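A look at the structure
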Amino acid sequence: MKFINYLQSIAGISIYPMITLVLFVLFFIGAAYLAFSADKRMMEHVSRMPLDKEEN
């Protein structure tokens with residue numbers, strides 16, 4: 001018996017893929033919002049940190 005057959009026999013299992021999709025979309029929207037709403041000067045500073053030779 002294949003694994004998918006075990007999953008189909010569980011009552012209410014179809015809700016889990018939908019919950020996972022919603023969580024992924026919410027996380028992606030949140031990450032995109034933070035990326036686009038971040039202060040440009042701070043992002044410039046953070047992007048140059050690995051290239052700076054002097055340590056603070």
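Residues numbered from 1 in each chain as written. Predicted model: local features only at pLDDT ≥ 70, side-chain atom pairs only at ≥ 80, totals over all residues. Heavy atoms only, no water.

Before going further, it helps to spend a moment on the overall build of the chain. A count of helices and strands for the chain gives three helices and zero strands. For the chain, the succession of helices and strands along the chain, N to C, is α-α-α. In terms of overall size, the chain is more extended than a compact globule, its C-alpha atoms giving a radius of gyration of 22 Å where 56 residues would be expected to give roughly 10 Å. Seen through its C-alpha atoms, the chain measures out along the principal axes to roughly 60 × 25 × 15 Å. Out of the 56 residues belonging to the chain, those deemed buried represent 2%. Of the accessible surface of the chain, which amounts to about 5,800 Å², a share of 69% is contributed by carbon and sulfur atoms. Counting 5 positive and 5 negative side-chain charges, the chain places the averaged centre of each group 14 Å from the other. (Helix = DSSP H or I, 4+ residues; strand = E, 2+ residues; numbered from the N terminus. Rg over C-alpha atoms; globule rule 2.2 N^0.38 Å. Buried < 20%, exposed > 50% of the residue type's maximum accessible area, 1.4 Å probe, protein only. Areas by Shrake-Rupley, 256 points an atom, 1.4 Å probe, with all protein chains shown as cover. Lys, Arg positive; Asp, Glu negative; His and termini not counted. Charge placed at Lys NZ, Arg CZ, Asp CG, Glu CD.)

Counting across every chain of the model gives one aromatic pair. Measuring from ring centre to ring centre gives 6.4 Å for Phe 24 and Phe 28, while their planes differ by 25°; the resulting arrangement is stacked. One end of the pair is Phe 24 and the other is Phe 28, both in helix 2 (residues 15–37) and four residues apart, which spans about a single turn. Each member of the pair, Phe 24 as well as Phe 28, carries the same accessibility label: exposed. (Phe/Tyr/Trp six-rings, centres within 6.5 Å; stacked < 30°, edge-to-face > 60°.)

It is worth spelling out the confidence of the model for the chain at this point. Per-residue confidence for the chain gives a mean pLDDT of 84, with 95% of residues at or over 70. Within the chain, helix 2 carries the highest mean pLDDT (93), whereas helix 1 (residues 3–8) carries the lowest (72). (pLDDT = per-residue confidence, 0-100.)

A separate point is helix 2. Taking 1.5 Å of rise per residue, the 23 residues of helix 2 would be expected to cover 33 Å, and the 33 Å separating its terminal C-alpha atoms lies within 8% of that figure. Of all 23 residues making up helix 2, only zero are buried, and the element is barely covered by its neighbours. (Expected span 1.5 Å × (residues − 1).)

Our focus in this paragraph is the pattern of salt bridges. What the rule picks out here adds up to one salt bridge. Here Arg 48 makes a salt bridge to Glu 44, at a shortest N to O gap of 2.7 Å. In this pair, Arg 48 and Glu 44 both sit in helix 3 (residues 40–48), four residues apart, roughly one turn of the helix. (Salt bridge = Lys/Arg side-chain N within 4 Å of Asp/Glu carboxyl O.)

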